[in-house]
Amino acid sequence: MHVLITTPFHPAYVTAERIKKAKNLELLLTAGIGSDHIDLPAAAAAGLTVAEVTGSNTVSVAEDELLRILILLRNFLPGYQQVVQGEWNVAGIAHRAYDLEGKTVGTVGAGRIGRLLLQRLKPFNCNLLYHDRLQIDPELEKEIGAKFEEDLDAMLPKFDVIVINTPLTEKTRGMFNKERIAKMKKGVIVVNNARGAIMDARAVVDACSSGHIAGYGGDVWFPQPAPKDHPWRYMPNHAMTPHISRTTIDAQVRYADGVRDMLDRYFKGEDFPVQNYIVKEGQLASQYK
Ligand SMILES: NC(=O)c1ccc[n+]([C@@H]2O[C@H](COP(=O)([O-])OP(=O)(O)OC[C@H]3O[C@@H](n4cnc5c(N)ncnc54)[C@H](O)[C@@H]3O)[C@@H](O)[C@H]2O)c1
């Protein structure tokens, strides 16, 4: 019996070809959230179990998204750069700095991270929207104060700030292409800590260059690690970092504990918490279908 523990840093890491060669492999554990670096249909067909530490970095990613929204909306980074470069030009920053209050902000994908982001946004007095395959439980929806939008395309022109929080699946790969970005409001802020490949990379660069997207921020790229010449490094008005939002010290403790717990259970022949399964007995978890 073999167990492979991976992190979600390297897209297309556990390929169908590698799975085929790993004759004794039984279990794939993702130390974090997001298992698109594994060929999930191939894992299912090979009878492997795939599990992640569901929820381990939900708060870390949601807080980071809030940070990037504020950094971009307030035009913070050029202000910081002025200070480092010995400059002082308030008007150069203020002409494109906005309050978050009163803006229409929402998430595409309202699972664990998307919902927590909405909850964290509530005290900012924004107009909150969300799109997902599934509507949130009505009581929680009322408590959060976010409106469900069934039709993604109809929702796109409404946002001042849009955050992507879906997994990378065959349905979400390239979901934000040139046409969808064109439907967004001119001057929109886009934050994507979900997966780089959900965006059409070129379309993002073009929209940032034309000003259609006023700011793009996130920690996920395609490919990863991002090569030195990745165009997102050089496009205007971005707040990009390496893949860091998942991995605060607090999150590292949570996902290390989660991996240890699953290994203990595995060697004792016990089941994992049900929400951790991504592939079980040949079936993919619903969020990956
Ligand atoms: N940057 C990071 O460090 C980091 C860390 C954790 C997770 N993530 C990414 O964030 C994703 C979401 O994490 P989560 O814990 O909130 O997952 P989750 O499973 O709790 O929520 C995902 C939500 O996306 C929705 N969804 C799936 N496909 C959709 C589609 N085609 N259209 C609309 N909605 C769709 C699902 O219904 C679900 O509500 C992960 O899959 C991972 O890719 C990134």
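Residues numbered from 1 in each chain as written. Predicted model: local features only at pLDDT ≥ 70, side-chain atom pairs only at ≥ 80, totals over all residues.

For the protein, the name recorded in an unreviewed UniProt entry is Formate dehydrogenase 1, mitochondrial, with Zea mays as its organism. In UniProt, the protein has this text filed under Catalytic activity (unreviewed entry): "formate + NAD(+) = CO2 + NADH". The UniProt entry for the protein carries this comment under Sequence similarities (unreviewed entry): "Belongs to the D-isomer specific 2-hydroxyacid dehydrogenase family." (UniProt positions renumbered as here; feature names shortened; annotations may be inferred.)

**Student:** Please set out the sheet that holds strand S11 (residues 277-280) residue by residue, giving values where relevant.
**Tutor:** Read from one edge of the open sheet, five strands run S1-S2-S3-S11-S12, paired in mixed fashion. Only two strands of the sheet have a single neighbouring strand rather than two, namely strand S1 (2-6) and strand S12 (283-284). Pairing between S1 and strand S2 (residues 25-30): five bridges, direction parallel. Bridging across to S2, Thr-6 finds its partner in Thr-30. Those strands touched by helix H11 (residues 249-268) are S1, S2 and strand S3 (49-52), and its axis lies near 160° from that of S2. (Pairing = 2+ DSSP bridges. Helix = DSSP H or I, 4+ residues; strand = E, 2+ residues; numbered from the N terminus. Contact = placed C-beta atoms within 7 Å. Axes fitted to C-alpha atoms, helices over the stretch in contact; angles between N-to-C directions.)

**Student:** Hey, could you go over the domain arrangement of the protein for me, with residue numbers and the actual values?
**Tutor:** Interfaces are often sized by the accessible area lost when the parts come together. Domain annotation of the protein identifies domain 1 (2-56 + 248-288) and domain 2 (58-240). Counting residues at the interface gives eleven residues for domain 1, matched by twelve residues for domain 2. Along the lines of polarity and charge, the residues of the side of domain 1 that touches domain 2 split into four nonpolar, five polar and two charged. (Domains from an automatic or database assignment. Nonpolar A, V, L, I, M, F, W, Y, C, P; charged D, E, K, R; others polar.)

**Student:** I'd like a rundown of the site of the ligand, residues and numbers included.
**Tutor:** Close contacts around the ligand come from 31 residues, with Gly-34, Gly-111, Ile-113, Pro-167 and Arg-246 the closest. Within the residue set of the shell around the ligand, elements represented by two or more residues are helix H3 (58-73) and helix H6 (112-121). Examining the composition of the shell around the ligand, we find that three residues originate from one element, H6, more than from any other. (Near = placed C-beta within 6 Å.)

**Student:** Break down the pairing of S11 for me, with residues and values.
**Tutor:** Where S3 lies against S11, two bridges are found, and the strand directions are antiparallel. What sits directly across from Ala-51, in S11, is Tyr-277. The pairing of S11 with S12 spans two bridges and is classified as antiparallel. Directly across from Val-279, in S12, lies its bridge partner Leu-284. Linking S11 to S12, which pair antiparallel, is a turn of two residues; within it Glu-281 sits at a positive phi near 50°.

**Student:** Please provide a residue-by-residue account of the UniProt feature "domain: D-isomer specific 2-hydroxyacid dehydrogenase NAD-binding" (unreviewed entry) in the protein, values included.
**Tutor:** The feature "domain: D-isomer specific 2-hydroxyacid dehydrogenase NAD-binding" (unreviewed entry), as annotated in UniProt, sits at residues 69-245 in this numbering. Taken as a whole, residues 69-245 contains 32% helix and 18% strand, while its terminal C-alpha atoms sit 13 Å from one another.

**Student:** How would you sum up the sheet that holds strand S5 (residues 127-131)? Please name residues and give values.
**Tutor:** Within the open sheet, the seven strands sit side by side as S6-S5-S4-S7-S8-S9-S10. Their pairing is parallel. The sheet terminates laterally at strand S6 (146-148) and strand S10 (238-240), the two strands that pair on one side only. Within the sheet, the average angular offset between the axes of one strand and its neighbour, ignoring direction, is 15°. For S5 and S6, the ladder comprises three bridges, and the chain directions are parallel. Directly across from Leu-128, in S6, lies its bridge partner Ala-146.

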